[in-house]
Amino acid sequence: MSRSEEQRDADDALTAAIERVWFAYYPDTEPGILMEYVVNARRRTFDEDDGSPLTSNATMPRDGNVPLDTLLGLQMYGALRTQAQIQQD
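Residues numbered from 1 in each chain as written. Predicted model: local features only at pLDDT ≥ 70, side-chain atom pairs only at ≥ 80, totals over all residues. Heavy atoms only, no water.

Visitor: How should I be thinking about a negative patch on the surface in this particular structure?
Guide: Taken together, the side chains of Glu5, Glu6, Asp9 and Asp12 make up a negatively charged region of the molecular surface. Judged by relative accessible area, Asp9 falls into the partly exposed class, the value being 46%. (Patch = residues over 30% accessible without salt bridge, like charges linked within 9 Å, V, L, I, M, F, W, Y side chains within 5 Å. Areas by Shrake-Rupley, 256 points an atom, 1.4 Å probe, with all protein chains shown as cover. Salt bridge = Lys/Arg side-chain N within 4 Å of Asp/Glu carboxyl O. Lys, Arg positive; Asp, Glu negative; His and termini not counted. Charge placed at Lys NZ, Arg CZ, Asp CG, Glu CD. Buried < 20%, exposed > 50% of the residue type's maximum accessible area, 1.4 Å probe, protein only.)

Visitor: What's the story with the side chain of Arg62 in this structure? I'm lost.
Guide: Here Arg62 lies in the loop between β2 (53-61) and α2 (68-88). This buried residue, Arg62, is left without a salt bridge; Asp63 holds the nearest opposite charge, at 4.0 Å. A polar contact of 3.1 Å, which involves the side chain of Arg62, links it to the backbone oxygen of Met35. With residues near it in sequence (within four places) discarded, Arg62 still touches Thr15, Leu34, Met35, Glu36 and Tyr37. (Helix = DSSP H or I, 4+ residues; strand = E, 2+ residues; numbered from the N terminus. Polar contact = N/O pair within 3.5 Å; in protein donor to acceptor, adjacent residues only side chain to side chain. Contact = heavy atoms within 4.5 Å.)

Any link to function would need more than the numbers given here.
So this is what it looks like as structure tokens:
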């Protein structure tokens, strides 16, 4: 997939932000190499005519292209980890 300069800059900024967040929350983690990531995000807007809420979701893999098996694995791991945290509470 060919990315625009704006997409490359945004992807680089997102990778840098993930690195900063990782080390802020897990400072004792051995640095290693950030291999892949996927960010799931949701936005809320409102219909201009009637004001009803509209929701948009986006999945943003690293550099716009993580192999599908890895993408699925990352998302399934995140879902299962969240389920385990819910069960512990």
